[in-house]
Amino acid sequence: MRQRIGLFAAAAVAALVPLGAATSAHASQEFPHLAGIYTTQEQCQAAGVAGHDLWGPVFLCQGVGQYFYLYTH
């Protein structure tokens, strides 16, 4: 029984270690990431301002074709 618990714990740690590394890599990412897609510039700006608590005051609304992409840092 102890051996099974030890194997289970080792498997759980082995599965979680890469996830922790990926989270750290994502947090240190230098480039902005996509936070939303909107149909008007006004909607994009409003979403950027509303998300202040999540990503701070820095965001970018970029129009491509008929959509506006909200990028955050």
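Up top you'll find the structure we're talking about.
What comes next is a walk through the structure.

Cut-offs applied
- Residues numbered from 1 in each chain as written.
- Predicted model: local features only at pLDDT ≥ 70, side-chain atom pairs only at ≥ 80, totals over all residues.
- Heavy atoms only, no water.
- Helix = DSSP H or I, 4+ residues; strand = E, 2+ residues; numbered from the N terminus.
- Buried < 20%, exposed > 50% of the residue type's maximum accessible area, 1.4 Å probe, protein only.
- Contact = heavy atoms within 4.5 Å.
- Core = buried A, V, L, I, M, F, W, Y, C linked by side-chain atoms within 4.5 Å.
- Arc of directions from axis to C-beta.

Considerations on the environment of Tyr71
Tracing the backbone shows Tyr71 in strand S3 (residues 67-72). A relative accessible area of 24% means that Tyr71 is categorised as partly exposed. The contacts of Tyr71, once residues within four sequence positions are left out, are Pro32, His33, Leu34, Phe59, Leu60 and Gln62.

Notes on the nonpolar core
Counting 5 residues, the largest nonpolar core is built from Cys44, Ala47, Trp55, Cys61 and Leu70. When residues no more than four places from it in sequence are discounted, the contact partners of Ala47 are Tyr38, Trp55 and Leu70.

A word on helix H2 (residues 41-50)
Those residues of H2 not exposed but buried are Cys44, Ala47 and Gly48. Projection of H2 onto a plane perpendicular to its axis shows the buried side chains occupying an angular sector of 100°, all on one side. Along H2, exposed side chains directed more than 90 degrees from the buried face belong to Glu42, Val49 and Ala50. As for H2, its buried residues are in contact with strand S1 (33-38), helix H3 (52-55), strand S2 (59-64) and S3.

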